[in-house]
Amino acid sequence: MDSEELMLTVRITVAERALLRRLAQGHRSDLSEVVADGLLDVLPTLHDTARAYRLLAALAEPAPCALTVWLPAPLADLLVPAAERVARATGVRLGSGCAMLGAALRLWLAQDPQLLADHLSVMHAGRSSALVAA
């Protein structure tokens, strides 16, 4: 464990957890690294009001699985301003950084699995880009 990382717990569905595991296996990384990559993919897009509402919609489906991840502190620090941006755009406040992380992760995982794998391949040029078949 690196002292510059924060532990956060999010709620996701069984299918989202399975997809996250396949993505991590396909890129020979751990779940926390894939979650961090997903945040880097999603957070810059939240300036759009429609995207902010889609993020909130991602929280509508019940999520029975708890997932604990480690994020670099500078990335985790971006969750609060991102939640504030969503609140300004939608009028809905997310209760915590964990809620923002869960919403962003679920929004990211709602994309086409091959697109996610392709994005990870770009982010990790030189690593395996194979997505384990569902």
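It should be emphasised that the depicted structure is a prediction, and the values quoted were computed from it without experimental measurement. (Residues numbered from 1 in each chain as written. Predicted model: local features only at pLDDT ≥ 70, side-chain atom pairs only at ≥ 80, totals over all residues. Heavy atoms only, no water.)

Caption draft 1: Main features of the overall build of the protein chain. Of the regular secondary structure elements, the protein chain holds seven helices and two strands. Sequence-ordered secondary structure for the protein chain, helices as α and strands as β, is β-α-α-α-β-α-α-α-α. Taken over C-alpha atoms, the radius of gyration comes to 14 Å for the protein chain, in line with the 14 Å a tight globule of 134 residues would show. With the C-alpha coordinates of the protein chain rotated into their principal frame, the extents come out at 40 × 35 × 30 Å. Expressed as a percentage of its 134 residues, the buried residues of the protein chain come to 43%. A fraction of 84% describes how many contacts in the protein chain between residues 6 or more apart in sequence connect residues 24 or more apart. Distance between charge centroids for the protein chain: 6 Å, based on 12 positive and 14 negative side chains. (Helix = DSSP H or I, 4+ residues; strand = E, 2+ residues; numbered from the N terminus. Rg over C-alpha atoms; globule rule 2.2 N^0.38 Å. Buried < 20%, exposed > 50% of the residue type's maximum accessible area, 1.4 Å probe, protein only. Contact = heavy atoms within 4.5 Å. Lys, Arg positive; Asp, Glu negative; His and termini not counted. Charge placed at Lys NZ, Arg CZ, Asp CG, Glu CD.)

Caption draft 2: Spotlight on the pattern of salt bridges. Scanning the entire structure with this criterion turns up two salt bridges. Close ionic contact of Glu-16 with Arg-106 constitutes a salt bridge, the shortest N to O distance being 2.9 Å. In this pair, Glu-16 is assigned in helix α1 (residues 14-26) and Arg-106 in helix α6 (residues 97-109), connecting sequence segments 90 residues apart. As far as burial versus exposure is concerned, Glu-16 and Arg-106 are alike and both buried. As a salt-bridge pair, Glu-61 and Arg-106 come within 3.9 Å of each other at their nearest N and O atoms. Remark: Arg-106 occurs in helix α6 and Glu-61 occurs in the loop between α3 (49-58) and β2 (65-72); sequence separation between them is 45 residues. On the basis of relative accessibility, which here comes to 47%, the residue Glu-61 falls in the partly exposed class. We classify Arg-106 as buried; its relative accessible area is 3%. Sharing partners across several salt bridges, the network here consists of Glu-16, Glu-61 and Arg-106. (Salt bridge = Lys/Arg side-chain N within 4 Å of Asp/Glu carboxyl O.)

Caption draft 3: Structural view of the packing of α3 against α6. Running from N to C, α3 and α6 point in directions that differ by 100°, and their axes come no closer than 8 Å. Taken together, the axes of α3 and α6 are roughly perpendicular relative to one another. Contact residues: Arg-51, Arg-54, Leu-55 and Ala-58 in α3; Met-100, Ala-103, Ala-104, Arg-106 and Leu-107 in α6. Grouping the amino acids of the contact of α3 with α6 by side-chain chemistry returns six nonpolar, no polar and three charged. (Axes fitted to C-alpha atoms, helices over the stretch in contact; angles between N-to-C directions. Parallel < 35°, antiparallel > 145°, perpendicular 65-115°, else oblique. Nonpolar A, V, L, I, M, F, W, Y, C, P; charged D, E, K, R; others polar.)

Caption draft 4: Expanded view of the confidence of the model for the protein chain. Scored by pLDDT, the protein chain has a mean of 88; 91% of the residues are at 70 or more. Predicted confidence is poor over residues 127-134, with pLDDT under 50, and the contacts of this stretch with residues over four places away or in other chains come to 23 contacts. (pLDDT = per-residue confidence, 0-100.)

Caption draft 5: Just the pairing of β2, in detail. Here β2 shows one buried face, formed by Cys-65, Leu-67, Val-69 and Leu-71, and one open face, formed by Ala-66, Thr-68, Trp-70 and Pro-72. Two strands pair when backbone bridges link them, and strand β1 (residues 5-12) and β2 are joined in this way by eight bridges, in the antiparallel orientation. Residue Val-10 lies in a different strand from β2, and its bridge partner there is Leu-67. (Pairing = 2+ DSSP bridges.)

Caption draft 6: Representation of the environment of Glu-84. Looking at where Glu-84 falls in the secondary structure, it is placed in helix α5 (residues 79-90). Judged by relative accessible area, Glu-84 falls into the partly exposed class, the value being 38%. Expressed as a C-alpha distance, the spacing of Glu-84 and Pro-113, which sit 29 residues apart in the sequence, is 29 Å.

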